[in-house]
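As a plain string of letters, each chain reads:
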Amino acid sequence: RRSPLVRASPPPGSARGLWRPRRGSQAARICHQVTPAEVASEGRCQPPPSLRPALPTNAPALGRGRDRTAKEPPPASAGRQNYGASQDPAKPASVRSSSHVTGSSMGKAEVACGRRRRGAALIWNPSWSSAGRATKMKVKMLSRNPDNYVRETKFDLQRVPRNYDPALHPFEVPREYVRALNATKLERVFAKPFLASLDGHRDGVNCLAKHPKNLATVLSGACDGEVRIWNLTQRKCIRTIQAHEGFVRGICTRFCGTSFFTVGDDKTVKQWKMDGPGYGEEEEPLHTILGKTVYTGIDHHWKEAVFATCGQQVDIWDEQRTNPICSMTWGFDSISSVKFNPIETFLLGSCASDRNIVLYDMRQATPLKKVILDMRTNTICWNPMEAFIFTAANEDYNLYTFDMRALDTPVMVHMDHVSAVLDVDYSPTGKEFVSASFDKSIRIFPVDKSRSREVYHTKRMQHVICVKWTSDSKYIMCGSDEMNIRLWKANASEKLGVLTSREKAAKDYNQKLKEKFQHHPHIKRIARHRHLPKSIYSQIQEQRIMKEALNRIKHSKPGSVPVVSEKKKHIVAVVK
């Protein structure tokens, strides 16, 4: 781009020459008048035109090299700013630098030289040779590498330099504490876990099952023999089957999701299509197996066409046969529940009314081992992420997490319920599980904690018989005596729907803050506080008084009563 000063008229005078711009610096261009004498001596060593000051008209002629004796006087305008008007009356306005537009009278090189020489003009350097070779000039410049602050793409995060030295941020911890306190309070303010109630059964809901492939499909069995298939997205029943006479004792889905199995009080095992009958077809089961005794539970293999039932014994069935492949028993009481291991699929466990938890291996004809507890276990559930870990729901108000390789001591005893625990189910992550209790509440326990992190209850909810955690780890379903299936959020204060990137970042940041300050007394008190029904609260206080009164160690002579840990207190024996 050419400067407008190039087209300016030449100054008056006898000197005739060519007008052409010379690049004196990056900041501005100097318009210089070239005389014929300068054109003739262009090959000789002369200072750059942009750095040569203007001479008065009566100045003596300068010689070459060492013959140069006269000194050039400093210009009157050196070191001053030029805001568009010529500082030297003898200098015409048309010869001014184009930097008058920016208000600077010197280019970058001129400014550097002016700062170094304190405003004095440049003089001829005798070190310049007559051959036209000048010494190198060092110029210091400020540089900024774009790689340090420019994003590679527009989707990248902005690079914000920050010094993490704690000495520069003295109020960072108090500021983060206030943010953690506010985040904990807001979590309790927005804790509204209840989502919906699915009503339609005419009797209490006795069992639940999840579809292995479809998150929105749930199956439920009632005490009147009715089986319903629900669509959680629409929150309505899409199919109703009168499956059995009497209770539906158990329900499970095939691993591929094409069919499901039910057992009931009518001593039958029935297999049903997951899709409804076609137009004009009647609702009939695919297969029906008539047994000799009442079946109290059923579970399907996770990978093969094999399922297991329990009653007076544990039977392993092939889907294509009417007789069991093998039958295993250890004891004489009825078995209430049987579950396949989701990882080591040839392992399965059962619990019976004689207080036993028995482990089986399909590859053997006899059971592996069993553990006997103080009271009866109602059901068990395997951890989906750890092959040898399972949790048992017991009648003594507790849940016990065992490692099947060491059954003599439970890994953890989970205590918070005030009545018998009837069902338990793991989260798909394997880090938490949910329990259903006779005390009309459900609780969520971390696997490695003895106390629950959440308790859910409503005014109308009665004894909770069954509970399931959905496969996306976000919702919990429970079925209770008053004929309803309730849908809850796994995280009570979680916002439903699609979150923006800023919302996700704020959520993660608040979660880290709460974890950082979780042991602070004020934050811990707010995070643990829960409103409980009066019946549960009074039972907690009553049990606390009874436990204090039955503390033999406290009311006995020191050393007379042996100390038994809570984990080993409820284990009677382990039989292999």
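From a predicted model like this one, the values you see are computed outputs, not experimental measurements.

A.B. asks: How should I be thinking about the overall build of the protein chain in this particular structure?
C.D. replies: If you tally the helices and strands in the protein chain, you get seven helices and 31 strands. Per-residue burial for the protein chain yields a buried fraction of 40% across its 576 residues. Across the protein chain, the fraction of contacts at a sequence separation of at least 24, relative to all contacts at a separation of at least 6, is 48%.

A.B. asks: Where do I start with the environment of valine 411 in this structure?
C.D. replies: Turning to its location among the elements, valine 411 is positioned in the loop between β22 (398–403) and β23 (412–415). Given a relative accessible area of 40%, valine 411 falls into the partly exposed group. Here the alpha-carbon distance between valine 411 and threonine 401, two residues ten residues apart in the chain, equals 5.4 Å. Non-local contacts of valine 411, meaning those with residues more than four positions away in its chain, are made with Thr401, Phe402, Asp403 and Lys567.

A.B. asks: In this structure, what is going on with the nonpolar core? I would like to understand it.
C.D. replies: Nonpolar side chains tend toward joint burial in soluble globular proteins. Core analysis: the biggest nonpolar cluster contains 17 residues, and Ile357, Leu373, Ile380, Phe390 and Phe402 have the highest contact counts within it. Of all the secondary-structure elements, those providing two or more residues to this core are β17 (347–352), β18 (356–361), β19 (369–373), β20 (377–382), β21 (389–394), β22 and β23. If you look at the next biggest cluster of nonpolar residues, it comprises 14 residues, including Ile444, Trp469, Cys478 and Trp488.

A.B. asks: Would you explain the pattern of salt bridges in this entry?
C.D. replies: Two side chains bearing opposite charge may form a pair once their charged atoms approach each other closely. If you walk through the whole model with that rule in mind, you get 22 salt bridges. Among the ionic pairs, glutamate 283 bridges to arginine 239, the shortest N-O distance being 2.5 Å. In this pair, glutamate 283 is assigned in the loop between β10 (268–273) and β11 (287–290) and arginine 239 in strand β7 (residues 236–242), connecting sequence segments 44 residues apart. A relative accessible area of 10% means that arginine 239 is categorised as buried. Between aspartate 416 and arginine 451 there is a salt bridge, and its shortest N-O distance comes to 3.0 Å. Of the two residues, aspartate 416 sits in the loop between β23 and β24 (421–426) while arginine 451 sits in the loop between β26 (442–446) and β27 (454–456), which places them 35 residues apart along the sequence. Relative accessible area serves as the criterion here: at 42%, arginine 451 is assigned to the partly exposed category. Members of the salt-bridge network, linked through shared partners, are Arg188, Glu432, Arg453, Glu454 and Arg530.

Criteria and thresholds
Residues numbered from 1 in each chain as written. Predicted model: local features only at pLDDT ≥ 70, side-chain atom pairs only at ≥ 80, totals over all residues. Heavy atoms only, no water. Helix = DSSP H or I, 4+ residues; strand = E, 2+ residues; numbered from the N terminus. Buried < 20%, exposed > 50% of the residue type's maximum accessible area, 1.4 Å probe, protein only. Contact = heavy atoms within 4.5 Å. Core = buried A, V, L, I, M, F, W, Y, C linked by side-chain atoms within 4.5 Å. Salt bridge = Lys/Arg side-chain N within 4 Å of Asp/Glu carboxyl O.

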